[in-house]
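In case you want the letters, here they are:
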Amino acid sequence: QVQLVESGGGLVQPGGSLRLSCAASGSILYISSMGWYRQAPGKQRELVATVGSSGNTEYADSVKGRFTISRDKAKNTVYLAMNSLEPEDTAVYSCKMAIATMTTQYPYAYWGQGTQVTVSS
């Protein structure tokens with residue numbers, strides 16, 4: 001069984017910074033892609049950023065230049081550094097990883113439980 005545990009959310013003032021972490025544990029064979037998604041109240045979930053196994057990254061236009069995604073393969077962890085936060089960034093942020101386990105042998109999508117990020121003065 002695989003578990004994803006997130007941390008780092010909270011309340012921050014506009015212009016502030018936060019760093020989210022998401023660590024995977026369990027019978028992991030390998031992890032291909034990792035990413036962060038967010039869902040604001042009344043809106044659909046949207047992609048924030050992804051990082052592939054080779055380190056290639058992709059960002060939503062709304063966060064380019066402000067957010068940075070990174071991964072630590074040894075720790076099965078993905079990070080999201082968020083700078084210059086805006087009220088529009090307020091949402092529940094969830095991590096997603098494509099993980100192959102000892103049982104599946106091929107990657108399947110696993111989600112974290114979500115962490116609230118609130119940007120407000």
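Keep in mind that what you see is a predicted model, and the values were worked out from it rather than measured. (Residues numbered from 1 in each chain as written. Predicted model: local features only at pLDDT ≥ 70, side-chain atom pairs only at ≥ 80, totals over all residues. Heavy atoms only, no water.)

## Here's the deal with the pattern of salt bridges
Put simply, the rule reads: For this document, the term salt bridge refers to a Lys or Arg side-chain nitrogen within 4 Å of an Asp or Glu carboxyl oxygen. Strands are runs of DSSP state E lasting at least 2 residues, helices are runs of H or I lasting at least 4, and numbering of each runs from the N terminus.
Tallied over the full model, the rule gives 5 salt bridges. Put simply, arginine 38 and glutamate 46 hold a salt bridge, and the shortest N to O gap is 2.6 Å. For arginine 66, the salt bridge identified is with glutamate 86, shortest N-O distance 4.0 Å. Residue arginine 66 is located in the loop between strand E6 (57-59) and strand E7 (67-72), and its partner glutamate 86 is located in the loop between strand E8 (77-82) and strand E9 (91-101); the two are separated by 20 residues in the primary sequence.

## A few points about the packing of aromatic side chains
We count it as follows: Stacked, tilted and edge-to-face are the three classes applied to pairs of Phe, Tyr and Trp rings, where Trp contributes its six-membered ring and a pair requires centres within 6.5 Å; stacked means planes under 30 degrees apart, edge-to-face means over 60, and tilted covers the rest. Whether a charge lies above a ring is judged from NZ of Lys or CZ of Arg, which has to be within 6 Å of the ring centre and within 35 degrees of the ring normal.
Following the criterion strictly, the structure yields 1 aromatic pair and no others. We note arginine 19 situated over the ring of tyrosine 79; from NZ or CZ to the ring centre the distance is 4.1 Å. Taking the ring centre of tryptophan 111 as reference, the NZ or CZ of arginine 45 above it sits at 3.9 Å.

## Comments concerning the state of the cysteines
Heads up, the condition is: Sulfur atoms of two cysteines make up a disulfide when they are within 2.5 Å. The rule is simple: take the accessible area with a 1.4 Å probe, protein chains only, and divide by the maximum for that residue type; under 20% is buried, over 50% is exposed, in between is partly exposed.
Applying the stated rule across the entire model yields 1 disulfide. One disulfide bridge connects cysteine 22 with cysteine 95, the sulfur atoms lying 1.9 Å from each other. Judged by the sign of its S-S torsion, about 45°, the cystine formed by cysteine 22 and cysteine 95 is right-handed. Here the residue cysteine 22 occupies a position in strand E3 (residues 18-26), and cysteine 95 occupies one in strand E9, the gap between them amounting to 73 residues. In this structure cysteine 95 comes out as buried when scored by relative accessible area, which is 0%.

## As for the side chain of threonine 77
Condition: Whenever a nitrogen or oxygen atom comes within 3.5 Å of another N or O atom, the pair is scored as a polar contact, on the condition that within protein one atom can donate a hydrogen and the other can accept it, and that pairs from neighbouring residues in sequence are kept only if both atoms are in side chains. By definition in these notes, contact holds between two residues if any of their heavy atoms fall within 4.5 Å.
Examined against the element boundaries, threonine 77 turns out to sit in strand E8. Using a relative accessible area of 7% as the deciding quantity, one classes threonine 77 as buried. A distance of 2.8 Å separates a polar side-chain atom of threonine 77 from the backbone oxygen of lysine 75. What threonine 77 contacts, discounting residues up to four positions off in sequence, is Cys22, Ala23, Met34, Ser70, Arg71 and Asp72.

## Some remarks on the pairing of E9
Condition: Paired strands are those between which DSSP finds at least two bridges.
Among the 11 residues that make up E9, 9 are buried, leaving the element largely enclosed by the rest of the structure. Examined bridge by bridge, strand E4 (residues 28-39) and E9 share 9 bridges and lie antiparallel to one another. Across the sheet, the residue bridging to isoleucine 31 is isoleucine 99, located in E9. Of the pairings in the sheet, the one linking E9 to strand E11 (residues 115-119) comprises 3 bridges and is antiparallel in character. By the bridge assignment, alanine 91 is partnered in E11 with valine 117. Relative to strand E10 (residues 108-111), E9 is paired through 4 bridges, and the arrangement is antiparallel. Paired with lysine 96 across the two strands is tryptophan 111, which belongs to E10.

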